[in-house]
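Per-entry structural report
Take a look at the letters that make up each chain.
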Amino acid sequence: MSQVTIKNLQKSYGQVDVLKDINLDVEDGSFVVLVGPSGCGKSTLLRSIAGLEPVDGGEINIGGRRVNDLPPAKREIAMVFQSYALYPHMNVEKNMGFGLRFADTPKEEIAQRVNEAARILKLESLLKRRPRELSGGQRQRVAIGRAIVRKPQVFLFDEPLSNLDAALRVNTRVEIAKLHKLLNATIIYVTHDQVEAMTLADKIVVMNQGRIEQTGKPLDLYYKPANKFVANFIGSPAMNMLDVEVTGKSEVRTSDGAVFTVRLPKSIPNGEKLTLGARPEHVSLALPGKGITGHLDLIERLGEIGYAHIDLPQGQRFLVEVRGEPKAVKGQQVGVTLDANNLHLFDSSGQAVTPI
Amino acid sequence: MDRGNFARVLAFFLLPAVLIYSIFSIYPLIATIFDSLYQRHEGGPMTFNGLNNFRTLLGDETWSKPFWNAFRNNCLFFLIHMCVQNPIGLALAALLSLPRLRLRNVYRTLIFMPTMLSVVIIGFIWQLILSPLWGIWKMLLGALHLGFLFGPYLGQEGTALITVSLISVWQFVGIPMILIYTALLAIPDELVDAATVDGLNQWQTFFYVKLPLIWPTIGLVSVLTFVNNFNAFDLIYAMQGALAGPNFSTDIMGTLFYRTFFGNQLQLGDPTMGATVATMMFLIIMVGVMIYLFLIQRRMQRYAF
C-alpha cells in the first residue's frame, strides 16, 4: 500500500507562507497532478513530500508511515527532476544504480534491477553512454529509470517535460501514462501545463498562493470549477467572464442590458452582483442584437477551429470558438449568444454559485 | 563579404591584440632565447656561442651546483603549494559552499585579503611575527607551553624554505579557494538534491558527485600553481634577500636568475648567462605545462550542466 496522506501541512520562508494548511490524499496507484501558476507552491509541496524541504507544521504520511523526520532516502520515494539531474560523470548504468550502491544493495541485484528498468524504458543499447551523449528524450528516460530501480512507494515528478520540445513532450506524456499503468505506480506530478494535467491525472490538485483551490477529476474541474481561479486556470483559452446583476428568480443582466436565463439558487436576492463565466466553446457568434453585442476584433485561425476575439463595450474581451469561415469581418458589430446549460456563476468572493 | 574585405576585417579585430602580445610577450621571449646563445665580452661586441652557455650552466660546477640547488628548492616550493595550498583551498571552497553557512561573504573576503596585499608587506609582517627577538609567534607558543617548538625558522637552513613556502601558501590560498568555489557554485542544486534522494550524505555527495565534477578546475589550479611557483621571486627576495639565505637554502630559479642577470654583491651581472637561466626556466615551465596538457587534461572531461 503506497498511499500518501498530507495533513495540515504548513511552510513559510520567514514572513511568507508558501504552503497554507495543505490537506491531500493520494490513493495507492493513482496519478495525482499538482498544477498552478508559478510561485503557487506546487514544487515546494512536492519537495516537502520528498524531504528536500523542511516543513513547519502538519504531517506527511507515505504508505501509512509518518515520514516528517525521515531523510529523503528513507522515505521510499523517487524523484524525477526538471533538469533530469543526471550525474554527468557516470554512464547510464551507473546513474541508475548509483542510489542502490549506497543502500548496500548486492551487486547482482543492482545489475538485475538496472537491466529491468533499461528493458522497460528501451535503454539497453545506451547503458554505457554518458548523459551528454544522449538526447533530451533519452536523458528523460534515464531519469525515470533511475527512479524505477529504487522501487519506490511513490514517484515524484517535478515538471519533467518542460525541457523537451513540443513533439517529444507529447510522446513522453504518453510514455509516462503507459508507464503508470505498467508499474501500477503511485505518482505525484507537478506541472504548470494544464494539458499535461488534464491528460495524465486521475486527480488534479489546483494550487494558488500556497493553498489548494480545488481537487478533483480532470473533467470535474473543467465542468464544475469550484471558484473563479480554477475556472480561469483550467481550460485554454481561459473562460470568458462578465459582470452581471441578478434581476429575477432565474435571470441575470449584464451592464449593457443583455438578459440571460440561468439556474440560480433560491437564496440569491435580486440586485446581487455576480460574475458570469462562459467558455469559448460554449458561446457562439450571432447576428447583432442577439445576446451580448460587441465588435469583432480578429479571428485566430487554428485550423479546424478558430477563436473570434470580440471587444465588448465595457472594454472587456470575449473569446468565441468558431468553426468554418464566419462571415463577419473585422470591426463589424456581432452578437454573442451563450449556452444556458454551460454557464458558470461566481459570487463576489469568487466562489461558484451552484443551483440547488 | 569578399576575400579582401574579410582579411581587412580580420586584421582590424586581431591586430591590436597581436601587436601588444608580440611586443610585450613574444619579442622579449625570443630575444631572451637569442641572448642565451651569445657570449658577452667586457667592452666588446657579443659573439655567437652556440649551446655553450647551457653546457656551462649544467656542466661547470660553479654554475651547475647553484642551478640544481635552485631547481631542487623550486620543486620543493611547488610541492608544498600543491600539498598544502590546494587541498586547503579545496576544503575552504567546500566549506564556503555549505548551504547553511552564515557570513559567507565575510569569510570569503578575509581569506582572499592577503592575496591582494603586496608581497613586500606580507614578507615584512611575517618577519615581524616570526622574529626570534620579539615576534608574537614566540610569545604565542610560549603561552601555549609549546615554546620548545620555536626556532629562528627563517634563519635555519633546514626550515627556511619550508617557512617561506608556507607563508606563500598563506598568502595565495585565496586563489584556489575562489576558483574552486566558483566551480562548486556552477554545480546545479538539482544534482545535489538527486544525490540526497539517492541516499548520499554531505560527505559522500562531495566525494562522489561534486569532486569528480570539479577535477578540471583543480587541474587548472595545479597548472597555475606550477607556473606561478616556477616564476616566483618576490617573496624570497623580500624576506631572504637576493642571496636567498641562509646559505642559498631558499634560492629558487627566480632569485638565481636575478643574481645572474643583474649581479649581486661580488657577482657581476651577466646578461647572456642570465638569459640562459631564464630560457631554462621557460623550458621547465613549458615541459610541465605540456605534461599537463597532453597527459592529464586529455583524460579529464569538462561538464556542461
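Now for a look at the structure at hand. (Residues numbered from 1 in each chain as written. Chains lettered and ligands numbered in written order. Predicted model: local features only at pLDDT ≥ 70, side-chain atom pairs only at ≥ 80, totals over all residues. Heavy atoms only, no water.)

1. Examining the overall build of chain A
Counting its secondary structure elements, chain A contains 8 helices and 20 strands. Judged by the C-alpha coordinates and their principal axes, chain A covers about 75 × 45 × 35 Å. When the 356 residues of chain A are sorted by exposure, 51% land in the buried category. Intrachain contacts of chain A at a sequence separation of at least 6 include 65% that bridge at least 24 residues. Counting every atom, chain A has about 16800 Å² of accessible surface; 48% of that belongs to carbon and sulfur. (Helix = DSSP H or I, 4+ residues; strand = E, 2+ residues; numbered from the N terminus. Buried < 20%, exposed > 50% of the residue type's maximum accessible area, 1.4 Å probe, protein only. Contact = heavy atoms within 4.5 Å. Areas by Shrake-Rupley, 256 points an atom, 1.4 Å probe, with all protein chains shown as cover.)

2. Here we look at the sheet that holds strand 14 (residues 273–278) of chain A
Residue and element names in this part refer to chain A. The 5 strands are arranged 13-12-11-14-20 in an open sheet whose pairing can be described as antiparallel. Both edges of this open sheet fall to strand 13 (259–261) and strand 20 (344–346), since each of them pairs with a single strand only. Neighbour to neighbour, the strand axes of the sheet diverge by 40° on average, direction disregarded. In this structure, strand 11 (residues 240–248) lies alongside strand 14, joined through 6 bridges in antiparallel fashion. Paired with Asn240 across the strands is Ala278, a residue of strand 14. (Pairing = 2+ DSSP bridges. Axes fitted to C-alpha atoms, helices over the stretch in contact; angles between N-to-C directions.)

3. Observations concerning unusual backbone geometry
All names here are of chain A. In this structure, Pro237 follows Ser236 across a cis peptide bond, with omega equal to 0°. Of note, Pro237 is situated in the loop between helix 8 (228–233) and strand 11. Non-glycine residue Lys122 carries a positive phi angle of around 60°. With respect to the element layout, Lys122 can be found in the loop between helix 3 (107–121) and helix 4 (136–149). You can call Lys122 exposed: its relative accessible area is 59%. Even without being glycine, Asn184 reaches a positive phi, approximately 50°. On the secondary structure map, Asn184 appears in the loop between helix 5 (166–183) and strand 8 (186–191). Residue classification places Asn184 among the exposed positions, given a relative accessible area of 57%.

4. Here's the deal with the packing of helix 12 (residues 253–262) of chain B against helix 13 (residues 271–296) of chain B
Residue and element names in this part refer to chain B. Following both chains from N to C, one finds helix 12 and helix 13 inclined at 160°, their axes separated by 7 Å at the closest point. Classified by the interaxial angle, the pair formed by helix 12 and helix 13 is roughly antiparallel. Considering how the two elements wind past one another, helix 12 and helix 13 form a crossing that is left-handed. Of the residues in helix 13, those in contact with Met253, Gly254, Leu256, Phe257, Thr260 and Phe261 of helix 12 are Pro271, Met273, Gly274, Ala275, Val277, Ala278, Met281 and Ile284. (Parallel < 35°, antiparallel > 145°, perpendicular 65-115°, else oblique. Left-handed = near helix turned anticlockwise from the far one by under 90°.)

5. Section: the packing of aromatic side chains
Aromatic rings considered in pairs are described by the distance between their centres and by the relative angle of their planes. Under the counting rule described, the total for this entry stands at 25 aromatic pairs over all chains. Centroid distance Phe102(A) to Tyr208(B): 5.1 Å. Interplanar angle 75°. Geometry classified as edge-to-face. Pair noted here: Phe102(A) is in the loop between helix 2 (92–101) and helix 3 and Tyr208(B) is in helix 10 (residues 202–230), and the two residues belong to different chains. Where Trp126(B) meets Trp170(B), the ring centres are 5.5 Å apart and the plane angle is 75°; that geometry is what we call edge-to-face. A residue pair is termed long-range when its members are at least 10 positions apart, and Trp126(B) in helix 5 (residues 119–130) and Trp170(B) in helix 7 (residues 157–172) qualify at 44 residues. Take Trp126(B): its relative accessible area is 17%, and that puts it in the buried class. Residue Trp170(B) is classed as partly exposed on the basis of its relative accessible area, which comes to 38%. The structure contains a cluster of three or more aromatic residues connected by ring pairs, namely Phe67(B), Trp68(B), Phe71(B), Phe78(B), Phe226(B) and Phe230(B). Over the face of the ring belonging to Tyr87(A) we find Arg146(A), whose NZ or CZ atom lies 5.0 Å from the ring centre. In this structure, Arg279(A) packs its charged tip against the face of Tyr222(A), placed 4.2 Å from the ring centre. (Phe/Tyr/Trp six-rings, centres within 6.5 Å; stacked < 30°, edge-to-face > 60°. Lys NZ or Arg CZ within 6 Å of the ring centre and 35° of its normal.)

6. Some words on a nonpolar patch on the surface
Nonpolar side chains collect at one region of the surface, where Phe124(B), Leu128(B), Leu133(B), Trp134(B), Ile136(B), Trp137(B), Met139(B), Leu140(B) and Leu144(B) lie side by side and expose about 1000 Å² of accessible area between them. Checked against the element boundaries, Ile136(B) lands in helix 6 (residues 136–143). (Patch = residues over 30% accessible without salt bridge, like charges linked within 9 Å, V, L, I, M, F, W, Y side chains within 5 Å. Salt bridge = Lys/Arg side-chain N within 4 Å of Asp/Glu carboxyl O.)

7. Comments concerning the environment of Ala231(A)
Residue and element names in this part refer to chain A. Considering the arrangement of structural elements, one finds Ala231 in helix 8. Given a relative accessible area of 0%, Ala231 falls into the buried group. Put simply, Ala231 and Phe31 are 200 residues apart on the chain and 22 Å apart in space, counted from C-alpha to C-alpha. Sequence-distant contacts of Ala231, that is, excluding residues within four places in its chain, are made with Pro225, Met239, Met241, Arg279 and Phe346.

8. Remarks on the environment of Met90(A)
On the secondary structure map, Met90(A) appears in the loop between strand 6 (77–80) and helix 2. Ignoring sequence-local partners within four residues, the contact set of Met90(A) consists of Asn95(A), Phe98(A), Arg129(A), Arg130(A), Pro131(A) and Tyr208(B).

9. Details of the nonpolar core
Residues Ile6(A), Leu45(A), Leu156(A), Ile188(A) and Ile214(B) are the most contacted members of the largest nonpolar core, which totals 55 residues. Counting residues per element, this core draws most heavily on helix 10 of chain B, which supplies 7 residues. The residues touching Leu45(A), leaving out its near neighbours within four places in the chain, are Ile6(A), Leu9(A), Leu19(A), Ile22(A), Leu34(A) and Met207(A). Core analysis: the next-biggest nonpolar cluster, separate from the first, contains 45 residues, Val114(A), Val142(A), Leu161(A) and Ala201(A) among them. (Core = buried A, V, L, I, M, F, W, Y, C linked by side-chain atoms within 4.5 Å.)

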